[in-house]
Amino acid sequence: MRRLEHYVCAGGRRLRCGCTTGTCAAAATHAATELLLGHALVPSVVVATPAGIDCVLDVEAAERGDGWASCAVRKDAGDDPDVTDGVLVWARVSLGADVGVTIEGGAGVGRVTRAGLDQPVGSAAINATPRAMIEREARTVAASHGYAGGLAVLISIPGGEELAAHTFNPRLGIEGGLSVLGTSGIVRPMSEEALVETVRLELRVLRERGARDVLVVPGNYGRDYAADVLGLSCDRLVTCSNYLGAAIDEAGMLGFASMLVVGHAGKLVKVAAGIMNTHSRVADGRMEVLAAHAALAGAPAELVARVLDAPTVDAGLEMLDACGLRERATAALVGRMERYLRARAAEGLAVEAVVFSHAWGELGRTSGADRLLALHGQDERGEDG
């Protein structure tokens, strides 16, 4: 399998980019159309991506029958931890009865079941940019052979249905397989843009379903605490990862009425300093924030210094608890967090938070959190909301 030798820097490392599933589908379509119309199997295909980078993809398998041909290329995701890395993407191209190019999804390609995604409900989950790339490759080859008739393209990904269980697709309402994605044609490792877009997409899907109140968690810790301890329904839950600020912004633009944030103090303590991208590479001020609020709670300089040097938020809280200052410090912390959440939220969007730690359970909640807890099912006492 040929490698794309294009690199980006992320987290202080030089990481190799890859080709999207959409680029692979376009390359397979080119090869299959050439095999169908030109009766020749090309060893590789060059695909010009929207990013302005050419991808060279080897054709690894081919089949041909009466009025159709199929070719496959293997996806190379570069250094991105993509579950689709190494899959074969097949394109079967058939002579069509009508003029033009039709594009469908076959085995391993999901179907859209909810409004708010790139394609209409019922369509194959092949997004607009990959569709345009697939059509372009089919038309280019057809023109080179003087063929003006119709072509039907069927994209399939063997094993795609099993792999899709490890993606966001089930949550988004894409069933039966993977999505054929890629707005740039290039996979950029650990792309912040892609992660933020996933958060925005989940919010859009919820809004299309009529949801006005959303439950947001940074990750699995927040999800588990919301479901298992607070007893909340996760039907309107979105995982924001490190991108709480982007989630608040998107929820405001979409017209949500409220957002309840449930998260571990290790992440959310940063919000009390106005840090809305909580990735440690952006701002790892956890202990500085906790130490500042320890000082506000009356901690002596020696204790503030020890909290500042603590390895984790829980360890710092343990020091404060031993001196009887934990509750006072966390109350100040949550109050400051509330101030920044209010400032970030658009007019008409109520944002509240519940903050917890594994060692101490709930550390605090903002002043309007009780009302939003009731909207999402049950509160921590197990009473119906």
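Our structure is the block above this text.
Residues numbered from 1 in each chain as written. Predicted model: local features only at pLDDT ≥ 70, side-chain atom pairs only at ≥ 80, totals over all residues. Heavy atoms only, no water.

(A) Expanded view of the overall build of the protein chain. Helix and strand counts for the protein chain stand at 13 helices and 19 strands. Taken along the three principal axes of its C-alpha coordinates, the protein chain extends 80 × 45 × 35 Å. Burial statistics for the protein chain: of 385 residues in total, 51% are counted as buried. Of the contacts formed within the protein chain by residues at least 6 apart in sequence, a portion of 67% connects residues at least 24 apart. (Helix = DSSP H or I, 4+ residues; strand = E, 2+ residues; numbered from the N terminus. Buried < 20%, exposed > 50% of the residue type's maximum accessible area, 1.4 Å probe, protein only. Contact = heavy atoms within 4.5 Å.)

(B) Spotlight on helix 10 (residues 301–308). Of the positions making up helix 10, those classed as buried are Leu 303, Val 304 and Val 307. When helix 10 is viewed along its axis, its buried side chains cluster within an angular range of 100° and face the same direction. Of the surrounding secondary structure, the elements contacted by the buried residues of helix 10 are helix 9 (286–296) and helix 11 (313–322). (Arc of directions from axis to C-beta.)

(C) Broad picture of the packing of aromatic side chains. Tallying each qualifying case throughout the model produces one aromatic pair. The lysine or arginine in question, Arg 92, covers the ring of Trp 68, its NZ or CZ lying 4.1 Å from the ring centre. A cation over a ring is seen here: Arg 207 above Phe 256, with NZ or CZ 5.7 Å from the ring centre. (Phe/Tyr/Trp six-rings, centres within 6.5 Å; stacked < 30°, edge-to-face > 60°. Lys NZ or Arg CZ within 6 Å of the ring centre and 35° of its normal.)

(D) The sheet that holds strand 5 (residues 54–65), seen in detail. Read across the open sheet, the six strands follow the order 4-5-6-7-11-8; overall the sheet is mixed. Here the strands that pair on one side only, and so sit at the sheet edges, are strand 4 (44–48) and strand 8 (100–105). Strand-to-strand twist of the sheet, defined as the mean angle between neighbouring strand axes without regard to direction, takes the value 30°. With six bridges joining them, strand 5 and strand 6 (residues 68–74) adopt antiparallel strand pairing. (Pairing = 2+ DSSP bridges. Axes fitted to C-alpha atoms, helices over the stretch in contact; angles between N-to-C directions.)

(E) Looking closely at the environment of Ser 280. Looking at the element boundaries, Ser 280 is found in the loop between helix 8 (265–268) and helix 9. With a relative accessible area of 44%, Ser 280 lands in the partly exposed category. In the structure, Ser 280 is positioned 38 residues away from Asn 242 in sequence and 9.1 Å away in space, judged by C-alpha atoms.

(F) Representation of helix 6 (residues 220–229) within the structure. Those residues of helix 6 lying buried are Gly 222, Tyr 225 and Ala 226. The arc that holds the buried residues of helix 6, viewed along the axis, is 95°, so those residues lie on one side. Counted as exposed and oriented over 90 degrees from the buried face of helix 6: Asn 220 and Asp 228. Count one or two residues on from helix 6 and you reach Gly 231, which has phi positive near 70°.

(G) Examining the sheet that holds strand 17 (residues 258–264) more closely. The strand order across the open sheet formed by five strands is 16-15-17-18-19, and the pairing between neighbours is mixed. Here the strands that pair on one side only, and so sit at the sheet edges, are strand 16 (237–239) and strand 19 (361–365). Sheet twist, expressed as the average angle between the axes of neighbouring strands with direction ignored, equals 25°. Here strand 18 (residues 350–357) runs beside strand 19; their pairing, made up of four bridges, is antiparallel. The residue of strand 19 that forms the bridge with Phe 356 is Glu 362. The strands touched by helix 12 (residues 326–344) are strand 18 and strand 19; relative to strand 18, the strand with the most contacts, the crossing angle is about 150°.

(H) Examining the environment of Arg 74 more closely. Following the sequence through the fold, Arg 74 ends up in strand 6. Distance in space between the C-alpha atoms of Arg 74 and Val 87 is 5.6 Å, their sequence separation being 13 residues. For Arg 74, the residues in contact, after removing those within four places along its chain, are Met 1, Cys 24, Leu 57, Asp 58, Glu 60, Gly 86, Val 87 and Leu 88. Only 3.0 Å separates the side chain of Arg 74 from the side chain of Glu 60, close enough to count as a polar contact. (Polar contact = N/O pair within 3.5 Å; in protein donor to acceptor, adjacent residues only side chain to side chain.)

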